[in-house]
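Coordinate inspection notes
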Amino acid sequence: TYTGDLITKVEYVFEGQVDTQQLFEYDSNNRLVTHKYQDLVDDNQERSVFVYNADGTVTENYYSESMTSPSTNAFVMTLTFVNGEMTKLVQQGYSTLNYTYDSKNSPFKNVTGYAAIAYAKHGDYETEGKNQNILSVFDETDNRSYMTNTIQYNADNYPTKVTSIAIFDSNYPDTTEQLVLRYFYE
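Right, let's walk through the structure included here. (Residues numbered from 1 in each chain as written. Predicted model: local features only at pLDDT ≥ 70, side-chain atom pairs only at ≥ 80, totals over all residues. Heavy atoms only, no water.)

The next subject is unusual backbone geometry. With a phi close to 60 degrees, N30 is a non-glycine residue in the positive phi region. As for its position among the elements, N30 is in the loop between β4 (17-26) and β5 (32-39). A positive phi angle, close to 50 degrees, is found at N83, a residue other than glycine. Its place among the elements puts N83 in the loop between β8 (75-82) and β9 (85-91). (Helix = DSSP H or I, 4+ residues; strand = E, 2+ residues; numbered from the N terminus.)

Okay, structure coming up:
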């Protein structure tokens, strides 16, 4: 769902019913200030509140909570950007993640409104940035690769297949998980 050129809602339908949704709120400069990922079945949500700092970084206050009983305990992250792409994510008291990108096109590069929400939700597998594709995420704190993406492209330099290999638990660095994404363009 759009309001003007801004994405304000994304609904996920399972067996004919909306079971999860994402909600996006913006400030007067069209910058994302609140993102909610809501599980409507279990009454849970992940809520992020974004603060834009004078030095160009963004502070994200993340809450995991019940939709009817919001939390006041935030997990705080600082996001650093270079040329519009997030290059560093510092999770206070936890870890620092560094992102590297290819020079090709993100599959959502030309989707109206996507640039404003590109970093709204960090997941286990991160594959696309605002304009480019993520090649790797390096965990500076544990001195290890957290995730590596191998990408195949079409003639227009858009991804057609991404194979993402991740190590989610630093206690088991030899245990990896894999996700394969395929993209089709019309």
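Checked against the element boundaries, F24 lands in strand β4. Owing to a relative accessible area of 5%, F24 belongs among the buried residues under this scheme. In this structure F24 touches I7, T8, K9, V10, L32, T34, H35, I117 and A120, once residues within four positions along its chain are discounted. (Buried < 20%, exposed > 50% of the residue type's maximum accessible area, 1.4 Å probe, protein only. Contact = heavy atoms within 4.5 Å.)

Let us now look at the packing of aromatic side chains. For the structure shown, the criterion picks out four aromatic pairs. Between F81 and Y119, the ring centres sit 5.5 Å apart and the planes meet at 70 degrees, which makes this aromatic pair edge-to-face. Of the two residues, F81 sits in strand β8 while Y119 sits in the loop between α1 (114-117) and β11 (134-139), which places them 38 residues apart along the sequence. On the accessibility criterion, F81 (28% relative accessible area) is partly exposed. On the accessibility criterion, Y119 (9% relative accessible area) is buried. The side chain of R47 reaches across the aromatic face of Y63, ending 4.1 Å from its centre. In this structure, K104 packs its charged tip against the face of Y153, placed 5.4 Å from the ring centre. (Phe/Tyr/Trp six-rings, centres within 6.5 Å; stacked < 30°, edge-to-face > 60°. Lys NZ or Arg CZ within 6 Å of the ring centre and 35° of its normal.)

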